[in-house]
Amino acid sequence: MKEFIISYCINVLGYTLNQAEEEADKLIKHPDILKEFINWLATGKYESNNPVTIEGYTAQRLHEEFDFLKPIGVYNYLISLREKPEEALKWIKKGLPRK
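Structure report, in brief.

Calculation criteria
- Residues numbered from 1 in each chain as written.
- Predicted model: local features only at pLDDT ≥ 70, side-chain atom pairs only at ≥ 80, totals over all residues.
- Heavy atoms only, no water.
- Salt bridge = Lys/Arg side-chain N within 4 Å of Asp/Glu carboxyl O.
- Helix = DSSP H or I, 4+ residues; strand = E, 2+ residues; numbered from the N terminus.
- Buried < 20%, exposed > 50% of the residue type's maximum accessible area, 1.4 Å probe, protein only.
- Core = buried A, V, L, I, M, F, W, Y, C linked by side-chain atoms within 4.5 Å.
- Contact = heavy atoms within 4.5 Å.
- Expected span 1.5 Å × (residues − 1).
- Axes fitted to C-alpha atoms, helices over the stretch in contact; angles between N-to-C directions.
- Parallel < 35°, antiparallel > 145°, perpendicular 65-115°, else oblique.
- Left-handed = near helix turned anticlockwise from the far one by under 90°.
- Nonpolar A, V, L, I, M, F, W, Y, C, P; charged D, E, K, R; others polar.
- Phe/Tyr/Trp six-rings, centres within 6.5 Å; stacked < 30°, edge-to-face > 60°.
- Lys NZ or Arg CZ within 6 Å of the ring centre and 35° of its normal.

Take the pattern of salt bridges next. For the coordinates displayed, the defined rule picks out 4 salt bridges. The shortest N-O distance in the salt bridge between Asp25 and Lys2 comes to 2.7 Å. Separated by 23 residues along the polypeptide, Asp25 in helix H2 (residues 17-28) and Lys2 in helix H1 (residues 2-11) bring together distant segments of the chain. Residues Lys26 and Glu23 are paired through a salt bridge, measuring 3.5 Å at the closest nitrogen-oxygen approach. Note that Lys26 and Glu23 are positioned in helix H2 at a spacing of 3 residues, about one turn of the helix. Residue Lys26 is classed as partly exposed on the basis of its relative accessible area of 35%.

Okay, here's the thing in structure tokens:
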């Protein structure tokens, strides 16, 4: 599974091996989010039946509200909502400003 994510990050997103490994490691720590991300890779669709919901946000909702996020960014933000909810919600309220 990790190799699949690394391959996607390098070949599709143009990440370095180091960046790709970091992305894979983050996702692997959260099996439910990882499962949805792998499903998205396979289908190109966000989970709609029983999606992972954190602080009221799903991958689909994040995608709809912040269409500038790439799918991997959507799933990374779910991780942020889980690991640092107060900080992540603060940035959502600000519209996820980009540098």
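Picking up where we left off.
This paragraph deals with the nonpolar core. With 32 residues, the main nonpolar core has Phe37, Leu62, Tyr75 and Leu81 as its most contacted residues. Those elements that place two or more of their residues in this core are H1, H2, helix H3 (31-43), helix H4 (59-65), helix H5 (71-83) and helix H6 (85-93). Among the elements that take part in this core, H5 stands out by supplying 7 residues, more than any other. Excluding its chain neighbours within four sequence positions, the residues that come into contact with Phe37 are Ile5, Tyr8, Leu27, Ile72 and Tyr75.

Another point: H5. Three- or four-residue spacings in an α-helix give side chains the same orientation, since the helix completes a turn every 3.6 residues. For H5, which comprises 13 residues, the first-to-last C-alpha distance of 19 Å matches the rise-based estimate of 18 Å (1.5 Å per residue) to within 8%. Those residues of H5 that are buried are in contact with H1, H2, H3, H4 and H6.

Our next topic: the packing of H1 against H2. At a closest axis distance of 8 Å, the pairing of H1 and H2 adopts a crossing angle of 135°. The orientation of H1 with respect to H2, classified from their angle, is oblique. For the crossing formed where H1 meets H2, the hand is right-handed. Between H1 and H2, the residues in contact are Lys2, Ile5, Ile6, Cys9 and Ile10 and Leu17, Ala20, Glu21, Glu23, Ala24, Asp25, Leu27 and Ile28, respectively. Here the residues of the contact of H1 with H2 sort into 9 nonpolar, no polar and 4 charged.

Let us now look at the packing of aromatic side chains. Throughout the structure, instances matching the rule amount to 7 aromatic pairs. Summarising the aromatic geometry, the rings of Tyr8 and Trp40 are spaced 6.3 Å apart at their centres and angled 75° between planes, so their arrangement reads as edge-to-face. Taken together, the residues span a long stretch of sequence, with Tyr8 in helix H1 and Trp40 in helix H3 at a distance of 32 residues. Its relative accessible area of 15% is what places Trp40 among the buried residues. Centre to centre, the rings of Phe37 and Tyr75 are 5.5 Å apart; their planes meet at 70°, and the pair counts as edge-to-face. Highlighted residues: Phe37 in helix H3 and Tyr75 in helix H5, separated in sequence by 38 residues. Phe37 sits in the buried class, given a relative accessible area of 0%. Put simply, the rings of Tyr8, Phe37, Trp40, Tyr46 and Tyr75 touch in pairs and so form one group of aromatic residues. The ring centre of Tyr57 lies 3.9 Å from the NZ or CZ of Arg61, which sits over that ring. Directly above the aromatic system of Trp91 lies the positively charged group of Lys94, at a separation of 5.0 Å from the ring centroid.

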